[in-house]
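# Per-entry structural report
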Amino acid sequence: MSDHEHNMLAAINAARAARGVHALMADQRLGDAAGRHAADLAAHPWLTEGVVYHTGSDGSSIEQRIREAGYAPAQWREVVGWGWGGDIGPMVQWWLSSPAHVGIILSADMTDIGVGYATGGAPWFSYWCVDFARPVEAPQPPQEPPPSDAPPLPYHSHVPVVVGAPAPVSASIALLDYLRGDGRAYMVQHPGGASEKFRTARDGRRFLQVKNSQWEEFWADDAFIWRGVDTSPGDGQYYRQFEDGQEGARWCPRLMTVGQQWQSPAEHTVQTYWKADCRMVDHPRNGRTRNRLTLVARHAALTWNGVTVEDVVEVVSSTGETMFFGRGYGLVAWASMWGSSAIAQLLPASEADNEPEHGCFEAWR
């Protein structure tokens, strides 16, 4: 382990200690697995552009890399990160501020850790991988059979318990129940301290994720959930995404299973405009792309800023952004390399009064 990797381990253990969680022990085998993937990210920076950045360029999974390094895990998790010139402080703080990562960094279920760091290609140049695990416990020695004249032992029924990475859930999840919400209002806290009032609003067959007055537009057909106009990117602009000959672009299937990775069957155009007069804007986001979505998990409940939301789905989009949608709420939290935001306060029904903004951009609807 290099000094820089050792310092990262120390920073993670310091963060855990500050929150009353036990320290992790360095394990060279986990370090080898983490180092392998960090070097892979550095050599193949395109891995950071998709939604499967825990998958190696050779197709290897987290578990596969850990086992190939000689470690037999009962549970395992991984975080990766890049940028900040390799500085440890901002990287750890980003993980701790991310709803998708803080639970891994502070997990009390893990006992061992391995850290990998590598430098390489643009655009990030510095790449981290940290593997967490708990080993398979040594099997208990078999009990001696009781004497033949002894009373029979109590009956026990043993069922298999699967630990480690979550097993794929075969039942389909209807994502519309999570994205569309029921109109309830809540405040979302942003990294800089600002907050916005969120709710969903129905508009005929379409629904809007309203943020103060700005909004993102969705609708559904029998098979897919579509996206159209987004008035919330800032700088007095909005953008559309639309497939050829369509009003919008398919964003995800209506039904997905946990672990499923979906890619749209069609490319779409992204075009930015000025809100004031709907003139086109030359912007880096413009161009042709294809929506991709991974349904990472369905959580019984998650808590942010003291607010617990029950029945939450976690997805990762084609931009690498992790998003959390609560049944009956809509979007309640998200995290990306540029920051994270999350629900911070529930509001009474009387305050579900933020109306969607109006403008020439409504002509697309």
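What you see is a predicted model; the values in this text were computed from it and never measured.

### Overview of the nonpolar core
L175, L179, W304 and F325 are the most contacted members of the largest nonpolar core, which has 38 residues in total. A per-element tally of this core places strand β19 (residues 307-317) first, with five residues. Among the nonpolar cores identified, the runner-up in size contains 21 residues, and L9, V92, I104 and V115 belong to it.

### Observations concerning the side chain of N291
Relative to the assigned elements, N291 resides in the loop between β17 (287-289) and β18 (292-304). Engagement of the side chain of N291 in a polar contact is seen with the backbone oxygen of R250, the distance being 2.9 Å. Excluding residues within four positions of it along the chain, N291 makes contact with Q241, A249, R250, W251, W262, Q263, S264, H268 and S318.

### Some words on the confidence of the model for the protein chain
When the pLDDT values of the protein chain are averaged, the result is 86; 89% of them are 70 or greater. Confidence over residues 138-170 falls short of pLDDT 50; this stretch has 11 contacts with residues more than four positions distant or in other chains.

### Some thoughts on the state of the cysteines
A complete count under the given rule lists one disulfide for this structure. Across the disulfide from C278 sits C360; the S-S distance is 2.0 Å. Between C278 and C360 the disulfide shows an S-S torsion of about 105°. By sign, it is right-handed. One end of the pair, C278, is in the loop between β15 (268-274) and β16 (280-281); the other, C360, is in the segment after β22 (339-346), and 82 residues separate them in sequence.

### Details of the environment of L295
Inspection of the secondary structure puts L295 in strand β18. Each C-alpha atom of the pair L295 and M256 lies 7.0 Å from the other, and the pair is 39 residues apart in sequence. If near-sequence neighbours (up to four positions away) are discounted, L295 is found in contact with I173, L175, M256, T257, V258, G259, Q260, V313, E314 and V315.

### Some words on unusual backbone geometry
Phi at F125 takes a positive value of approximately 70°, unusual for a residue other than glycine. On the secondary structure map, F125 appears in the loop between β3 (112-119) and β4 (126-135). We classify F125 as partly exposed; its relative accessible area is 46%. Phi at N212 takes a positive value of approximately 55°, unusual for a residue other than glycine. Mapped onto the secondary structure, N212 falls in the loop between β8 (206-211) and β9 (214-220). Exposure remark for N212: the relative accessible area of 34% places this residue in the partly exposed category.

### Comments concerning the packing of aromatic side chains
A full pass over the atoms with the stated rule returns 13 aromatic pairs. Measuring from ring centre to ring centre gives 6.4 Å for W219 and W226, while their planes differ by 10°; the resulting arrangement is stacked. There is no split in this pair, since W219 and W226 are both buried. Grouping aromatic residues by their ring pairs yields a cluster made of Y186, F198, Y329 and W334. Between the NZ or CZ atom of R184 and the centre of the ring of Y329, over which it lies, the distance is 4.3 Å. Over the ring of F242 we find R240, and its NZ or CZ is 4.0 Å from the ring centre.

### Looking at empty space enclosed by the protein
All chains considered together, the criterion is met by one cavity of 30 Å³ or more. As a volume, the largest cavity reaches approximately 30 Å³. Taken together, R206, E217, W219, G228, V229, E247 and W364 make up the lining of the largest cavity. For the lining of the largest cavity, the secondary-structure elements that each account for two or more residues are β9 and β10 (224-234). Its residues assigned to classes, the lining of the largest cavity shows three nonpolar, one polar and three charged.

### As for helix α2 (residues 28-43)
Under the 1.5 Å per step criterion, the end-to-end length of α2 is 22 Å for 16 residues, consistent within 8% with the ideal 22 Å. Three or more residues of α2 are buried, namely L30, G31, A33, A34, H37, A38, D40, L41 and A42. In this fold, the buried residues of α2 make contact with α3 (62-68), β2 (73-82), β3 and β4.

### As for the pairing of strand β7 (residues 195-203)
Looking at chain direction, strand β6 (residues 186-189) and β7 are connected through four bridges and run antiparallel. Residue pairing for β7: Y186 is matched across the bridge by F198. Hairpin remark: β6 followed by β7, antiparallel, with five residues in the connecting loop; positive phi at G193, about 105°. Taken together, the six bridges between β7 and β8 define a ladder with antiparallel strand orientation. The partner of R202 across the bridge, within β8, is F207. Linking β7 to β8, which pair antiparallel, is a turn of two residues; within it G204 sits at a positive phi near 65°.

The rules behind the values
- Residues numbered from 1 in each chain as written.
- Predicted model: local features only at pLDDT ≥ 70, side-chain atom pairs only at ≥ 80, totals over all residues.
- Heavy atoms only, no water.
- Core = buried A, V, L, I, M, F, W, Y, C linked by side-chain atoms within 4.5 Å.
- Buried < 20%, exposed > 50% of the residue type's maximum accessible area, 1.4 Å probe, protein only.
- Helix = DSSP H or I, 4+ residues; strand = E, 2+ residues; numbered from the N terminus.
- Polar contact = N/O pair within 3.5 Å; in protein donor to acceptor, adjacent residues only side chain to side chain.
- Contact = heavy atoms within 4.5 Å.
- pLDDT = per-residue confidence, 0-100.
- Disulfide = S-S within 2.5 Å.
- Phe/Tyr/Trp six-rings, centres within 6.5 Å; stacked < 30°, edge-to-face > 60°.
- Lys NZ or Arg CZ within 6 Å of the ring centre and 35° of its normal.
- 1 Å grid on protein atoms, 1.4 Å probe; cavity = no way out; pocket = protein on both sides within 12 Å on 5 of 7 lines; lining within 4 Å.
- Points joined across faces, edges and corners; volume = space filled by probe spheres on them.
- Nonpolar A, V, L, I, M, F, W, Y, C, P; charged D, E, K, R; others polar.
- Expected span 1.5 Å × (residues − 1).
- Pairing = 2+ DSSP bridges.

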